Amino acid sequence: MNGSFRWVLLCLTLASSWFGCASGPEPTRTLAETEPGSSGLLIRNASLMITMDPALGDGPLGIVEGGDVLLEGGRIAAVGKGLDGSGRKSLDARGKIVMPGFVDTHDHLWQSIIRGCAADRDLYGWLDACVYPMGRVPFGEQDAYAAVRLATLGLIGTGVTTVLDWSHAFNPAFVDGNLGALRDSGLRFVFAYWVAPPGGCSEAARVQQDLVGNGLAAGFQVATHPTLANLDQLKEAVRCAEKLHVPLNVHLGESPKDPQQGQIQALELSGALDGQMLADHAIHLTDREVELLARHRVAVAHNPLSNMRLASGIMRLPEMHGAGLRIGLGLDGGTGDGPDMFADMKAAVGLQRARLESASGYPGIADALRMATLGGAEALGLDKITGSLTPGKRADLIVLDPGGANIAPRWDWPSQIVLNGQPANVEYVFVDGRALKSEGKLAEGQDKNAVQAAEAAARRVRAALGDRRGLPPAGHE
């Protein structure tokens, strides 16, 4: 394949469209009356627009009061006030907040099947009990599809429009089911594929090629785990990432035990730092190591909810931001304890305030909103495509209803989004201009049987592991 795969996918993404041709003027409709997937859509009179583009509005968040956003051909065509909506459907967003969709920079979507597993263990205890055993059971296409599909519905519910899925790739059938669920979700996604010898890179190349032509497949990455003990495997993953022209994606410094594994030294010896890299967690790092990552322009995925659940520690977020690292937020699969980007933002702010005993440091409210949107897009190298309401970018945005009992009354809406927001406040979710959530409900075509399918998959997997806890009697559904 000639050139960077990422740019091939970028071109494919920008060329895609969920809309047909306009069929003449449409009547103005309320939010409750509008059908998704029109040939053009004007979201008008938003009480507050957070554009994440300072050139479009006030302050670092690019705030616009009483603004409109025009969607055309899957892109954001215009942002402003009094935009012409002739020939297009219209959403009246009075009393609502319009902003970019959330970007989940680190997740393991298959782990919806092990929610609640080993809730009283740290990272390595949880891995031993809940993750490593999965490689020993027939975790196939049907089960992977069910688990990932359920997870994507949860992401849509909380306003995520782009997700990086770090797949453990237990077997080829699992990968096929994983990718099938991502495609069917309607989410924009980056697929991080675990490369394991022998033949890992050949299989990675097959998976990468399989993504070509899917307009919502925003990228591909090679996933691995760096330690001195598996240096040869790490070197193979680095070579594979170079061969496929994609970033390397690693878990780094997540546990207090990780520094004993020589992770940074392994990255240096393998040449991993010479290419593009996304580091997940990055908690237990020295000043020198933070500076090293910054010098090599490594991006970071911060997972505060997961880090709390697994007693992993608190990332030195202000120091990493100060060093110039690009940082996004991640929900991190089964230990994120439910897809909730609002809780993730609040935890990112609260952990640092508790750690530093200061309410004035980084991240502030605006910083949290940026990490959850444009910052995440930057960390994934997708900031030219998504992450802000900048005209020309893909139409990935959400409409929030701040009128619920958990947010109202209005005081400072950006602060209330971070500190008071919940997934129930997400009224609309648009990806590529197509509504995946409408009036607070998943749009038509979303799998209504996802929970039942995931329950059945969990029963099959747990039975294969010989674990009968919580399973119904044989023959009972």
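Per-chain numbering applies: the sequence of each chain, read as written, is numbered from 1 onward. Under the rules for a predicted model, residues below a pLDDT of 70 receive no local features and side-chain atom pairs below 80 are neither given nor counted, while totals for whole chains, interfaces and linings still include all residues. Values reported for side chains reflect all heavy atoms of the structure, with hydrogen atoms and water molecules removed beforehand.

Visitor: Explain the confidence of the model for the chain residue by residue, including any values.
Guide: The predicted coordinates of low-pLDDT regions are not to be read in fine detail. Summarising the model, the chain shows a mean pLDDT of 88, and 88% of its residues fall at 70 or more. The model gives residues 470–477 a pLDDT under 50, and that stretch makes six contacts with residues more than four places away or in other chains. pLDDT measures how confident the predictor is about each residue, on a scale from 0 to 100. By the convention used here, residues are in contact when the closest approach between their heavy atoms is within 4.5 Å.

Visitor: Tell me about the pairing of strand S14 (residues 277–281), residues and numbers included.
Guide: Only protein chains enter the area calculation, which uses a 1.4 Å probe; residues under 20% of their type maximum are buried, those over 50% are exposed, and those in between are partly exposed. Strands are runs of DSSP state E lasting at least two residues, helices are runs of H or I lasting at least four, and both sets are numbered from the N terminus onward. Among the five residues in S14, five count as buried, and that is most of the element. Taken together, the five bridges between strand S13 (residues 248–252) and S14 define a ladder with parallel strand orientation. The partner of Val250 across the bridge, within S14, is Ala279. Here a crossover is taken to be right-handed if, once the strands point away from the viewer, the path from the first strand over the helix to the second is traced clockwise. You can see the chain leave S13, run along helix H7 (residues 263–270) and come back into S14, and the turn it takes is right-handed. Two elements, S14 and strand S15 (residues 299–302), share three bridges in a ladder whose sense is parallel. Residue pairing for S15: Ala279 is matched across the bridge by Val300. Running through helix H8 (residues 287–295), the crossover from S14 to the neighbouring parallel element S15 is right-handed. The rule for pairing is simple: two strands pair if DSSP sees at least two bridges between them.

Visitor: Can you explain the side chain of Thr158? Please cite residues and give values.
Guide: Here Thr158 lies in the loop between helix H3 (141–157) and strand S10 (160–167). Judged by relative accessible area, which is 0%, Thr158 ranks as buried. In protein, a polar contact requires one atom able to donate a hydrogen and another able to accept it; more generally it is a pair of N or O atoms within 3.5 Å, and residues adjacent in sequence count only if both atoms are side-chain atoms. At 3.1 Å, the side chain of Thr158 forms a polar contact with the backbone nitrogen of Met341. When neighbours within four sequence positions are excluded, Thr158 is seen to be in contact with Phe102, Pro339, Asp340, Met341, Phe342, Pro423 and Val426.

Visitor: Could you give me a rundown of the pattern of salt bridges, with the residues and numbers involved?
Guide: The term salt bridge refers to a side-chain nitrogen of Lys or Arg lying within 4 Å of a carboxyl oxygen of Asp or Glu. Across all of its chains, the model carries 20 salt bridges by this definition. For Arg88, the salt bridge goes to Glu72, with nearest N and O atoms at 2.5 Å. Of the two residues, Arg88 is situated in the loop between strand S6 (75–80) and strand S7 (89–92) and Glu72 in strand S5 (residues 67–72); the sequence distance between them amounts to 16 residues.

Visitor: Describe the state of the cysteines, with residues and values.
Guide: Criterion for a disulfide: a pair of cysteine sulfur atoms at a distance within 2.5 Å. All told, the structure shown has two disulfides when counted by the stated rule. One disulfide in the model links Cys117 with Cys130; its S-S distance is 2.0 Å. Residues Cys117 and Cys130 share a disulfide whose torsion about the S-S bond is about -90 degrees; that sign makes it left-handed. Taken together, the residues span a long stretch of sequence, with Cys117 in the loop between strand S9 (102–107) and helix H2 (123–131) and Cys130 in helix H2 at a distance of 13 residues. Given the relative accessible area of 1%, Cys130 is considered buried. In this model, Cys201 is linked to Cys240 through a disulfide, with the two sulfur atoms separated by 2.3 Å. When the S-S torsion is 90 degrees, as for the bridge of Cys201 with Cys240, the disulfide is right-handed. Of this pair, Cys201 sits in helix H5 (residues 200–211) while Cys240 sits in helix H6 (residues 231–244), and the two are 39 residues apart along the sequence.

Visitor: Report on the sheet that holds strand S12 (residues 217–224), specifying residues and quantitative values.
Guide: Strand order in this open sheet of eight strands is S9-S10-S11-S12-S13-S14-S15-S16, and the pairing throughout is parallel. The outermost strands of the open sheet, each flanked by one partner alone, are S9 and strand S16 (327–329). Averaged over all pairs of adjacent strands, the angle between their axes in this sheet comes to 25 degrees, without regard to strand direction. Every angle, taken between N-to-C directions, lies between 0 and 180 degrees, and every axis is a line fitted to C-alpha atoms, over only the stretch in contact when it is a helix. Together, S9 and S10 form the strand contacts of H3, whose direction differs from that of S10 by roughly 150 degrees.

Visitor: If you had to explain the nonpolar core to someone new, which residues and values would you point to?
Guide: General note: in soluble globular proteins, nonpolar side chains tend to be found buried as a group. Of all hydrophobic cores here, the largest spans 107 residues; its most connected members are Ile50, Phe191, Phe220, Val222, Leu248 and Met345. Side-chain atoms within 4.5 Å are what join buried Ala, Val, Leu, Ile, Met, Phe, Trp, Tyr and Cys residues into a set we call a nonpolar core. Grouped together as the second largest cluster of nonpolar side chains are 19 residues, Ile43, Val69, Ala93 and Ala395 included.

Visitor: Quick one: what's the story with the sheet that holds strand S8 (residues 97–100), residue by residue and with numbers?
Guide: The seven strands lie next to each other as S4-S3-S8-S17-S18-S19-S20, forming an open sheet whose pairing is mixed. The strands lining the two open edges of the sheet, one partner per strand, are strand S4 (63–64) and strand S20 (441–442). In the sheet, strand S19 (residues 434–438) pairs with S20 via two bridges, with the strands oriented antiparallel. Its bridge partner lying in S20, Lys437 is registered against Leu442.

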